[in-house]
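Architecture and fold: a report
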Amino acid sequence: MRSGGNMIRGEGLTRIYRMGASEVRALDGVDLNIPRGEFVGVMGASGSGKSTLLHMIGLLDRPTAGVLEIDGVDVTRLSERQRTLFRLNRLGYVFQDYALVPELTAQENVYLPSKVRGMSVRECNLVCQDILERVGLKDRMNFLPGEMSGGEQQRVAIARALVNRPALLLADEPCANLDTKNSVLILDLIRSLNRELGQTVMMVSHEEWHRQYFDRVIFLRDGKIVDEVGAGSAP
Amino acid sequence: MLEEEQVALYLTARLIARGNKGTLFLTIMILAMVFVNLVFLPSIIAGVVVLFNQRTIDYSYGNLIVEPRPGELRIENPSQLVQKINGIPGVVASTPRYSTGATVVFRGRSTSPLVIGIDPAREQEVMRIFASVQSGDYLSPSDTGEALVGETLAGSDDPEGDSTPTLGGVVVGKTIEITFPNGFTQAFRVKGILKAGTSSVDNAVFLHRRDMARVLGEADPANTILVRTETTGKDAEMRLTLMQYGVQEKIWTWQDKSAEFLASIVGSFGIINVISTLVSLIIAVVVIFIVIFISIVYRRRQIGILRAIGIDRSLIIKSYILQALFICTCGTLAGGMLLIAVLQYLAVNPLIFPGGPVQPALETGLIAQSVLSLYIVSVLAGYLPSWLTTREEILDAIRG
Ligand SMILES: Nc1ncnc2c1ncn2[C@@H]1O[C@H](COP(=O)(O)OP(=O)(O)O)[C@@H](O)[C@H]1O
Ligand SMILES: [Mg+2]
């Protein structure tokens, strides 16, 4: 991983949804610079544009206007196929629900993206076991999603997101479906991944108590950054 | 790129192994039926054609038909020619016939069927008319004044019910009167009633050729010689062989004589066959399509998220094509077993057609064609729904 430089650089990021005559500015000129290795929280009321911002950065959607560079790549110029490869190789994504393939065991769910990436079977197995151990599921590797708790499934989803050693981990309210105890587990896990592996993380949350985990918090309202608190950038 | 196929296979194997077995089993069984249907009906039709051909040979024409030289009405020295033909390698036997239209009267009812003079002993080695005697007996070589009457021509006691002109229910032992084209009239005792399921027997009268000779005032009259050869199917070659051995008469094969009729049967069966094949294949497409479509719609979000984490939609599509191929393979295998079971059942309890029992005639080409068309259809039915549903934006799929 390159040291120095920003992981994410956005300028004037705008996403407008047109609905007939009216238009919704889900993102309205967002500028942001996220350094490598930071654990960034995105907070704000429901409908403030948090998911929309994450979708832009996760290459699931294209901005209506603005500049977006991730890991030094101007992602607005990538073709559809290149975006798919970029997501596979450089991004990890965790969603509110875990959306594991129910017919695959924990290990196989993690195996899938690493296999697609073209690792050898040996390499895959090693990496999968390693990462599942990292998320504390060493003894759950051969369990099917249906046989695991929500917290365990979300940890499998995190392992799946991390198996290809992404430059950036994106998480959209990963604890929304979990109780406090499991939320703490997940947050502690992401935090330790950030601290121990230097993993850059951007996480959406609207739980006030999650703030303590973040190095920096970006507050959104009506698609605009209204406040930014944390490392380096004085409010 | 082979990488992706491998992962698709990996995914598919697990989806099938850990997926819903009931649906899978049902789908496979439907495919099995479709396969049986694809193969079975054409085989039955082929079986009917085989049967029909055999009956055409056995009761109407033999393998080859020798007719008078151009411009002549009689075969010259037929007995001598029969001897000669019988000596040609590949020939089993041949028999002379004299056929003429005549008026037949019984109890005041009169019809004009074909009256055929035969040599009963020789005839037995070429044709199987002797085997179609329904009541009474076949002609013996020494008989005179005896006749065999086809069942349709003999008719029933209630002639109004007969669809063609008949003799109104003549039976064995009764006497019929035959008036020949030369005006000569003679009474014949009905010795047997024939039923062969072919109008050339069931609508005709058979006499001893000796009686015919007397009526005509000729020693050895014949206007056809029917030839039985050792193998059926090489008829055109045998025709040439006969010509090479110096037979100067006109020679036809049984196919020449029945071609038009056969073509019309095969043609109308062909239409039924095409319709049945199309319906079967459409059922196969629709069933696989629906099964896969439901699976994909049900997994819409899940597939959206797989795509979001960088799994290309082509992998998803390939995985579904592989599933369809798996269903198709199992369906074909199960269908093959079902077919064997049906064939074994039919060997014991054959289907009885008007012409006799029919055995389905399986052709490798047909089986290959059915398997191939099922595979093509399956690939399509796996490809289409997965292509259609993975075309949407990832975010739309994830939002549900
Ligand atoms: N596909 C869409 N079409 C129209 N409006 C949308 C769409 N997606 C999001 N929005 C609007 O954009 C705004 C921001 O949405 P979102 O980013 O999902 O908010 P959050 O994640 O902060 O709750 C909302 O007003 C929402 O209604
Ligand atoms: Mg949201």
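Residue indices begin from 1 for each chain and proceed along its sequence in written order. For naming, the first written chain is A and the first written ligand is 1, with later ones following in the order written. Totals for whole chains, interfaces and linings use every residue, but because this is a predicted model, local features are given only for residues with pLDDT of at least 70 and side-chain atom pairs only at 80 or more, for both listing and counting. The side-chain values count all of the structure's non-hydrogen atoms but skip hydrogen atoms and water molecules.

Summing up its helical and strand segments, chain B has 13 helices and 14 strands in all. In this description the radius of gyration comes from C-alpha coordinates, and the expected globular size is given by 2.2 Å times residues to the power 0.38. Its C-alpha atoms give chain B a radius of gyration of 32 Å, more than 25% over the compact-globule value 21 Å for 400 residues. Structurally, chain B occupies a C-alpha span of about 100 × 55 × 35 Å along its principal axes. Residues counted as buried form 48% of the 400 residues belonging to chain B. Residue contacts are counted whenever heavy atoms from the two residues lie within 4.5 Å of one another. Long-range pairs, those at least 24 residues apart, make up 76% of the contacts in chain B with a sequence separation of at least 6. Under the convention used here, a 1.4 Å probe and the Shrake-Rupley method define accessible areas, while residue burial counts only the protein chains that appear. For chain B, the exposed surface amounts to about 18,600 Å²; the carbon and sulfur share of it is 62%. Each helix is a run of DSSP H or I of at least 4 residues and each strand a run of E of at least 2, with the numbering of both proceeding from the N terminus. Exposed residues in this analysis have more than 50% of their type's maximum accessible area, buried residues have under 20%, and partly exposed residues fall in between, with area computed by a 1.4 Å probe over protein chains only.

Moving on, we come to the pattern of salt bridges. Residues and elements named next belong to chain A. By definition, a salt bridge exists where a carboxyl oxygen of Asp or Glu is found within 4 Å of a side-chain nitrogen of Lys or Arg. Tallying each qualifying case throughout the model produces 41 salt bridges over all chains. In this structure, Asp74 engages Arg77 in a salt bridge whose closest nitrogen and oxygen atoms are separated by 2.9 Å. Using a relative accessible area of 24% as the deciding quantity, one classes Asp74 as partly exposed. On the basis of relative accessibility, which here comes to 68%, the residue Arg77 falls in the exposed class. Overlapping salt bridges, with partners in common, bring together Arg18, Glu23, Arg25, Asp28 and Lys224 in one network.

On to a nonpolar patch on the surface, then. Exposure above 30% relative accessible area and the absence of a salt bridge qualify a residue for a patch, where like charges join within 9 Å and nonpolar side chains (Val, Leu, Ile, Met, Phe, Trp, Tyr) within 5 Å. A cluster of nonpolar side chains, Leu372, Ile376, Val379, Leu380, Tyr383, Leu384, Trp387 and Leu388 of chain B, forms an exposed patch at the surface whose accessible area comes to about 680 Å². Tracing the chain through its elements places Ile376 of chain B in helix α12 (residues 364-389).

A word on unusual backbone geometry. Residue and element names in this part refer to chain A. Notably, Glu173 is not glycine yet its phi reads approximately 45 degrees, a positive angle. Mapped onto the elements of the fold, Glu173 is located in the loop between β7 (168-172) and α6 (180-197). Here Asp222, not a glycine, exhibits a phi torsion of approximately 50 degrees, which is positive. Along the polypeptide, Asp222 turns up in the loop between β9 (216-221) and β10 (224-230). For Asp222, a relative accessible area of 57% gives the class exposed.

A few words now on the packing of aromatic side chains. Aromatic rings from Phe, Tyr and Trp, taking only the six-membered ring of Trp, are treated as a pair when their centres fall within 6.5 Å; an angle between ring planes under 30 degrees marks them as stacked, one over 60 as edge-to-face, and anything in between as tilted. Following the criterion strictly, the structure yields 5 aromatic pairs over all chains and no others. The interplanar angle of 75 degrees and the centroid separation of 5.2 Å between the aromatic rings of Phe39 of chain A and Phe214 of chain A together place this pair among those described as edge-to-face. Residue Phe39 of chain A is found in strand β3 (residues 39-44), and its partner Phe214 of chain A is found in the loop between β8 (200-204) and β9; the two are separated by 175 residues along the sequence. Across the pair, exposure class does not vary: Phe39 of chain A and Phe214 of chain A are buried alike. Aromatic pair Tyr93 of chain A and Phe95 of chain A: ring centres 4.5 Å apart, planes at 5 degrees, arrangement stacked. Comparing Tyr93 of chain A with Phe95 of chain A shows no difference in burial state: the two are buried. Two conditions define a charge sitting above a ring: the NZ of Lys or the CZ of Arg must be within 6 Å of the ring centre, and it must be within 35 degrees of the ring normal. The ring of Tyr10 of chain B carries Arg14 of chain B above its face, with NZ or CZ at 3.8 Å from the centroid. Sitting above the plane of the Trp252 of chain B ring, Lys257 of chain B keeps its charged end 4.6 Å from the centroid.

The next subject is the site of ligand 1. Taken together, 13 residues form the shell around ligand 1, and within it Gly47, Gly49, Lys50, Ser51 and Thr52 of chain A come nearest. The local environment of ligand 1 is shared, drawing residues from chains A and B. Gly49 of chain A places a main-chain nitrogen or oxygen 3.1 Å from an oxygen atom of ligand 1. Pairs of N or O atoms within 3.5 Å make up the polar contacts considered here, provided that, within protein, one atom can donate a hydrogen while the other can accept it, and that residues adjacent in sequence are counted only when both atoms are side-chain atoms. Residue Arg399 of chain B places a side-chain N or O atom 3.5 Å away from a nitrogen atom belonging to ligand 1. Protein contact buries 68% of the 560 Å² of open area that ligand 1 shows by itself. For the shell around ligand 1, the secondary structure elements donating two or more residues are β1 (6-19), β2 (22-35) and α1 (50-57) of chain A. In these notes, residues near a molecule or strand are those with any non-hydrogen atom within 4 Å of it.

Before going further, it helps to examine the environment of Thr277 of chain B. Residue and element names in this part refer to chain B. Tracing the sequence through the fold places Thr277 in helix α9 (residues 254-298). Residue class for Thr277 comes out partly exposed when judged on its relative accessible area of 24%. For the pair Thr277 and Phe35, spaced 242 residues apart in the sequence, the C-alpha separation amounts to 9.6 Å.

Now for the sheet that holds β9 of chain A. Residues and elements named next belong to chain A. For two strands to be treated as a pair, DSSP must find at least two bridges joining them. On the basis of which strands lie adjacent, the open sheet formed by 6 strands has the order β6-β7-β8-β3-β9-β10 and mixed pairing. The sheet is open, and its two borders are formed by β6 (91-94) and β10, each paired with just one other strand. Strand-to-strand twist of the sheet, defined as the mean angle between neighbouring strand axes without regard to direction, takes the value 15 degrees. When β9 meets β10, the two strands line up antiparallel, connected through 6 bridges. Each bridged residue has a counterpart across the sheet, and for Arg216 the counterpart in β10 is Gly230. Axis lines are fitted to C-alpha atoms, over the contacting stretch for helices. Their N-to-C directions set the angle, which ranges from 0 to 180 degrees. In the packing of α1 onto the sheet, contacts are made with β3, β6, β7, β8 and β9, and the angle to β7 comes to roughly 150 degrees. Running over the sheet, α6 touches β3 and β8 and is turned about 155 degrees from β8.

Moving on, we come to the domain arrangement of chain B. We note that the domain assignment places domain 1 (2-56 + 261-399) and domain 2 (64-231) within chain B. Domain borders in the structure are assigned automatically or taken from a domain database. A straight line from the C-alpha centre of domain 1 of chain B to that of domain 2 of chain B covers 53 Å.

Running from N to C, helix α3 (residues 106-116) of chain A and helix α1 (residues 2-18) of chain B point in directions that differ by 160 degrees, and their axes come no closer than 9 Å. By the criterion of interaxial angle, the relationship of α3 of chain A to α1 of chain B is roughly antiparallel. Considering how the two elements wind past one another, α3 of chain A and α1 of chain B form a crossing that is left-handed. Contacts from Glu108, Tyr111, Leu112, Lys115 and Val116 of chain A in α3 of chain A reach Glu3, Gln6, Val7, Tyr10, Leu11, Arg14 and Arg18 of chain B in α1 of chain B. Considered class by class, the residues forming the contact of α3 of chain A with α1 of chain B number 6 nonpolar, 1 polar and 5 charged. With respect to orientation, any angle under 35 degrees is reported as roughly parallel, any angle over 145 as roughly antiparallel, any angle of 65 to 115 as roughly perpendicular, and every other angle as oblique. Note on convention: the crossing is left-handed when the near helix lies turned anticlockwise from the far helix by less than a right angle, right-handed when the turn is clockwise. Residues are grouped as follows: nonpolar covers Ala, Val, Leu, Ile, Met, Phe, Trp, Tyr, Cys and Pro; charged covers Asp, Glu, Lys and Arg; every other residue, Gly included, is treated as polar.

Residues and elements named next belong to chain B. For strand β5 (residues 114-118), the buried fraction is high: 4 of the 5 residues fall into the buried class. As paired strands, strand β2 (residues 91-101) and β5 are joined by 5 bridges and run antiparallel to one another. Looking across to β5, one finds that Ser99 is bridged to Ile116. Bridge analysis of β5 against strand β10 (residues 204-208) gives 5 bridges, and the strand direction is parallel. Counterpart to Leu114 in the pairing with β10 is Ala204.

Okay, α12 of chain B next. What a helix is expected to span follows from its residue count: subtract one and scale by 1.5 Å. Over its 26 residues, α12 of chain B runs 38 Å from end to end, which matches the ideal 38 Å to within 8%, given 1.5 Å per residue. Turning to α12 of chain B, the residues buried within the fold contact α2 (21-61), α9 and α11 (313-348) of chain B.

Here the focus is the nonpolar core. What we call a nonpolar core is a set of buried Ala, Val, Leu, Ile, Met, Phe, Trp, Tyr and Cys residues that are connected through their side-chain atoms within 4.5 Å. If you look at the biggest cluster of nonpolar residues, it comprises 117 residues, and the most contacted ones within it are Leu53, Ile57, Ile70, Ile158 and Met202 of chain A together with Leu374 of chain B. Examining the composition of this core, we find that 9 residues originate from one element, α2 of chain B, more than from any other. Setting aside its immediate chain neighbours within four residues, Leu374 of chain B contacts Leu31, Val34, Phe35, Leu38, Leu281, Ala284, Cys328 and Thr332 of chain B.

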